Amino acid sequence: MIKSNTKRPVLRNCPICERLFADTGFGACQNCYDKMRDYETQINEYVKAHPHCTVKDIAKNTNIPLKFATNMINKGQFVAGGKISYPCSRCGKAITSGLYCSSCMDLVHKATANAKRLEIERRQKEEQERIKKKFEKERTSALNILKILRGK
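Just so it is clear, the structure is predicted and the values come from calculations on it, not from any experiment.

Notes on helix 2 (residues 55–62)
Move 1: Those residues of helix 2 that sit buried are Val55, Ile58, Ala59 and Thr62. Across the axial projection of helix 2, the buried residues extend over an arc of 95 degrees, all falling on one side. Turned more than 90 degrees off the buried face of helix 2, the exposed positions are Lys56 and Lys60.
Move 2: Against helix 1 (30–49), helix 3 (66–74) and strand 3 (86–87) lie the buried residues of helix 2.
Move 3: The first or second residue beyond helix 2 is Asn63, which carries a positive phi of 60 degrees.

Listed below in structure tokens is the structure:
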């Protein structure tokens, strides 16, 4: 039996319009995919003409949904001659790269470090409890042997 390398389309609901479609790898139905490609072209043209614009400017002047423009920029789907600013995912401050501004990124790092420290402390405490229980069990066993030897 010969297997082909081509994948069969999978029936899915389009994440944009929610219609049923045969997904061949684009992740959206053909109509929505074509619309997304048009949006990308419009955004690229706008950014070339206005290199230091914000994502809100792009959405306002191209009539493209803000969410789509932000996702496209966050994913780095195009190369721009200038810097495009968009809101930080946490506080909304204007940034030009990544998902978070520097102050929010510091908070994320601190929270991560704190979570790691708490996990290490929890594991150490569990290990101490395990050792303590093992010692108590051994001590109890030794006392029972002594009682048996003494005839009690």
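Quick word on the nonpolar core
Move 1: In terms of nonpolar packing, the biggest core is built from 24 residues, with Ile43, Ile58 and Phe68 touching the most fellow members.
Move 2: Among the elements of the structure, helix 1, helix 2 and helix 3 are those that each provide at least two residues to this core.
Move 3: Among the elements that line this core, the one with the most residues is helix 1, at 6 residues.
Move 4: In this view, Phe68 contacts Met36, Tyr39, Glu40 and Ile43; residues no more than four positions away in its chain are not counted.

What about the pattern of salt bridges?
Move 1: Here the structure, examined in full by the defined rule, presents 7 salt bridges.
Move 2: Among the salt bridges present, the one from Arg122 reaches Glu119, with a minimum N-O distance of 2.4 Å. With Arg122 and Glu119 both in helix 4 (residues 102–150), this residue pair falls 3 residues apart, about one helical turn.
Move 3: Its relative accessible area of 40% is what places Arg122 among the partly exposed residues.
Move 4: A residue is classified by how much of its surface remains accessible, and Glu119, at 28% relative accessible area, is partly exposed.
Move 5: For Arg122, the salt bridge is made with Glu126, and the minimal N-O distance between the two is 2.4 Å. Placement of both Arg122 and Glu126 in helix 4 is noted, with a separation of 4 residues, approximately one turn of the helix.
Move 6: Each member of the salt-bridge network shares a partner with another, and the members are Glu119, Arg122, Arg123 and Glu126.

Thresholds applied
- Residues numbered from 1 in each chain as written.
- Predicted model: local features only at pLDDT ≥ 70, side-chain atom pairs only at ≥ 80, totals over all residues.
- Heavy atoms only, no water.
- Buried < 20%, exposed > 50% of the residue type's maximum accessible area, 1.4 Å probe, protein only.
- Helix = DSSP H or I, 4+ residues; strand = E, 2+ residues; numbered from the N terminus.
- Arc of directions from axis to C-beta.
- Contact = heavy atoms within 4.5 Å.
- Core = buried A, V, L, I, M, F, W, Y, C linked by side-chain atoms within 4.5 Å.
- Salt bridge = Lys/Arg side-chain N within 4 Å of Asp/Glu carboxyl O.

By themselves, these are just geometric observations and shouldn't be taken as functional.
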